[in-house]
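So you can see what is in the structure, the chains are spelled out below.
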2 protein chains.
Amino acid sequence: MAAADFWYEFASTYSYPAAMRVARLAAERNVTLAWRPFLLGPVFASQGMRDTPFNIYPVKGRYMWRDLQRICAERGLPLRRPEPFPQPSLLAARVALALEGEARAEFSRRTYRAEFGEGQSIADRALIGRILVDLGLDPEATLAQAESDANKAGLKAECASAIELGLFGAPSLVTEDGELFWGDDRLEQGLDWAAGRRPAAAAR
Amino acid sequence: MAAADFWYEFASTYSYPAAMRVARLAAERNVTLAWRPFLLGPVFASQGMRDTPFNIYPVKGRYMWRDLQRICAERGLPLRRPEPFPQPSLLAARVALALEGEARAEFSRRTYRAEFGEGQSIADRALIGRILVDLGLDPEATLAQAESDANKAGLKAECASAIELGLFGAPSLVTEDGELFWGDDRLEQGLDWAAGRRPAAAAR
């Protein structure tokens, strides 16, 4: 069966609408999806960026929020800007990585909805704990596992992989043959590629 | 009849596939399109950028070329990278602005095809002259008009308008109610908006 990796960062705005639909889009194409949380901070730093481009370039940042508002309106998704932006996403990324399979996907969707749908702070341990309880998980045990040395090292390794794969933003989709697609607006194209539907002239 | 402005920069890669389809997309929605050539240089400078982001961030730049390759392959458009990139686009922008209506649109499409479809240098006066001849225009007279003080001042005014409208990249589509859509991948959404098809929740 075809497969693809969905790379996402909890602080990333466009990762929110993408996370809300990527599982459906993958299922429609019989593509098995691996959810891979990572941090953009180390990626940006490795590329000479000190902050999200949306803060470095305020005109672009204003546009991004309006664009996101229109996208969410079209798809019936709530949108409320969290403060500060970007949100500190380390805790959420560690917890997501500590979970597996459907629990990771559902934790991620609920965390995005709290952050960008309700404007809540995802650095808040109590919020993360409530999401875990809602998923039927033990919050203390999960948080302990998320903050174990092994899981912290695992997240660092994921960020190193992201840099190696040429990622520079989120969300990103990477296919088994190493093809990279950046952005919520490339999900269909990337998953089509993963499913083997690709223009002949684009072969490398 | 609904209307929208299509803002484009001859040095901009994604403006190429956009220019090749925007007239058809607008006609399908009964939207009258105004072609508005401008220069990104003054816009970037006003926003603290010293070059195209694709050169400032090489990882993003490499992705952009691959993304463009896939888009062109899907749409049956030839693609050949011009050197240098970005191309000096001042002459082409002046000539486009000196033309009107369908002549401007057709000159723009032919210039993009020469630049990104064939890798030719659009700073070459002979190339621009040949495109004008192919369009049945007088190249000397058109170039003289393009480089008149009035036309030079007109292009400067267009760049100032672009900054005022909040543009930060190309291609961009601006609707009559001032809504901004950035990128080839937002053309359909922007023209839908221009035609009155817009999600209620996105009203300002």
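Residues numbered from 1 in each chain as written. Chains lettered and ligands numbered in written order. Predicted model: local features only at pLDDT ≥ 70, side-chain atom pairs only at ≥ 80, totals over all residues. Heavy atoms only, no water.

Caption draft 1: A look at the environment of Ser148 of chain B. Residue and element names in this part refer to chain B. Mapping Ser148 onto the fold places it in the loop between α8 (139-146) and α9 (149-164). When its relative accessible area of 24% is taken as the criterion, Ser148 is described as partly exposed. The spatial distance from the C-alpha of Ser148 to the C-alpha of Ala98 is 9.3 Å, given a sequence separation of 50 residues. Within polar-contact distance, the side chain of Ser148 engages the backbone nitrogen of Asn151 at 3.2 Å. (Helix = DSSP H or I, 4+ residues; strand = E, 2+ residues; numbered from the N terminus. Buried < 20%, exposed > 50% of the residue type's maximum accessible area, 1.4 Å probe, protein only. Polar contact = N/O pair within 3.5 Å; in protein donor to acceptor, adjacent residues only side chain to side chain.)

Caption draft 2: A look at the interface of chain A and chain B. On the side of chain B, 28 residues touch chain A, which itself brings 28 residues to the contact. Counting each side, the surface lost to burial between chain A and chain B is near 2,900 Å², with a carbon and sulfur contribution of 56%. Counting the contacts that link chain A with chain B gives eight salt bridges. For Asp185 of chain B, the salt bridge identified is with Arg186 of chain A, shortest N-O distance 2.8 Å. Seen at the junction of chain A and chain B, the total is 14 residue pairs in polar contact (both at pLDDT 80 or more). Contributions of two or more residues to the side of chain A that touches chain B are made by α4 (58-75), β4 (180-182) and α10 (187-194) of chain A. Ranked by the residues each element gives to the side of chain A that touches chain B, the list is headed by α4 of chain A, at nine residues. Its residues assigned to classes, the side of chain A that touches chain B shows 16 nonpolar, three polar and nine charged. (Contact = heavy atoms within 4.5 Å. Buried area = accessible area lost by both parts, 1.4 Å probe. Salt bridge = Lys/Arg side-chain N within 4 Å of Asp/Glu carboxyl O. Nonpolar A, V, L, I, M, F, W, Y, C, P; charged D, E, K, R; others polar.)

Caption draft 3: Representation of the pattern of salt bridges within the structure. This structure, assessed with the given rule, holds 42 salt bridges over all chains. Between Asp192 of chain A and Arg29 of chain A there is a salt bridge whose closest N-O contact spans 2.6 Å. One end of the pair, Asp192 of chain A, is in helix α10; the other, Arg29 of chain A, is in the loop between α1 (15-28) and β2 (31-37), with 163 residues separating them in the sequence. Salt bridges sharing common partners tie together Arg66, Asp67, Arg70, Glu179, Asp185 and Arg186 of chain A together with Arg66, Asp67, Arg70, Glu179, Asp185 and Arg186 of chain B.

Caption draft 4: Structural view of the sheet that holds strand β2 (residues 31-37) of chain B. Residues and elements named next belong to chain B. Pairing is mixed in the open sheet, where four strands are placed in the order β2-β1-β3-β4. Of all strands in the sheet, those with a lone pairing partner are β2 and β4 (180-182), marking the two edges. Neighbouring strand axes in the sheet, compared pairwise and without regard to direction, differ in orientation by 20° on average. Relative to β4, strand β3 (residues 172-175) runs antiparallel, the two being bridged by three bridges. Residue Val174 lies in a different strand from β4, and its bridge partner there is Leu180. Contacts from helix α10 (residues 187-194) reach β1 (2-8), β2, β3 and β4 within the one sheet, and its direction differs from that of β3 by about 10°. (Pairing = 2+ DSSP bridges. Axes fitted to C-alpha atoms, helices over the stretch in contact; angles between N-to-C directions.)

Caption draft 5: Structural context of the packing of helix α5 (residues 90-98) of chain B against α9 of chain B. Residue and element names in this part refer to chain B. Between α5 and α9, the shortest axis-to-axis distance is 10 Å and the interhelical angle comes to 100°. Overall, the two elements α5 and α9 adopt an arrangement that is roughly perpendicular. Contacts between α5 and α9 involve Leu90, Ala93, Arg94, Leu97 and Ala98 on the former and, on the latter, Asn151, Lys152, Gly154, Leu155 and Glu158. (Parallel < 35°, antiparallel > 145°, perpendicular 65-115°, else oblique.)

Caption draft 6: Region of the structure containing unusual backbone geometry. Cis geometry marks the peptide bond from Ala170 of chain A to Pro171 of chain A, where omega comes out at 0°. Among the structural elements, Pro171 of chain A can be located in the loop between α9 (149-164) and β3 (172-175). Going from Phe85 of chain B to Pro86 of chain B, the amide bond is cis rather than trans, its omega being -5°. Within the secondary structure layout, Pro86 of chain B lies in the loop between α4 (58-75) and α5. Of note, Asn30 of chain A is a non-glycine position whose phi angle comes to about 55°, a positive value. In this fold, Asn30 of chain A is placed in the loop between α1 and β2. Accessibility expressed as a relative area gives 54% for Asn30 of chain A, which makes it exposed.

Caption draft 7: Just α4 of chain B, in detail. Residues and elements named next belong to chain B. Its 18 residues place the ends of α4 26 Å apart at the C-alpha level, agreeing with the 26 Å of an ideal helix rising 1.5 Å per residue. Counting buried positions along α4 gives 13 out of 18 residues, so the element sits mostly inside the fold. Downstream of α4 by one or two residues, Gly76 has phi in the positive range, about 70°. (Expected span 1.5 Å × (residues − 1).)

Caption draft 8: A look at the relation of the copies chain A and chain B. With an RMSD of 0.0 Å, chain A superimposes on chain B once it is rotated by 180° and translated 0.0 Å along the axis. The symmetry that links the two subunits is that of a two-fold axis. The C-alpha atom lying nearest the rotation axis in chain A is that of Asp185 of chain A; the distance is 3.7 Å. Most of the interface of chain A is mirrored in chain B, where 100% of its interface residues are also at the interface. (Least-squares fit on C-alpha atoms with pLDDT ≥ 70 in both.)

Caption draft 9: Region of the structure containing the packing of helix α7 (residues 125-134) of chain B against α8 of chain B. Residue and element names in this part refer to chain B. Close contact between α7 and α8 brings their axes to 9 Å; oriented N to C, the two are set at 120°. Between α7 and α8 lies a crossing of right-handed hand. Each of Arg125, Ile128, Gly129, Leu132 and Val133 in α7 lies in contact with α8, whose residues at this interface are Pro139, Thr142 and Leu143. Looking at side-chain class alone, the contact of α7 with α8 contains five nonpolar, two polar and one charged residues. (Left-handed = near helix turned anticlockwise from the far one by under 90°.)

Caption draft 10: A look at the pairing of β1 of chain B. All names here are of chain B. Among the seven residues in β1, five count as buried, and that is most of the element. Following the backbone out of β1, through helix α1 (residues 15-28) and into the adjacent parallel β2, one traces a crossover that is right-handed. In this sheet, β3 lies alongside β1 in antiparallel orientation, the contact comprising four bridges. By the bridge assignment, Ala4 is partnered in β3 with Thr175. (Right-handed = clockwise from strand over helix to strand, strands pointing away.)

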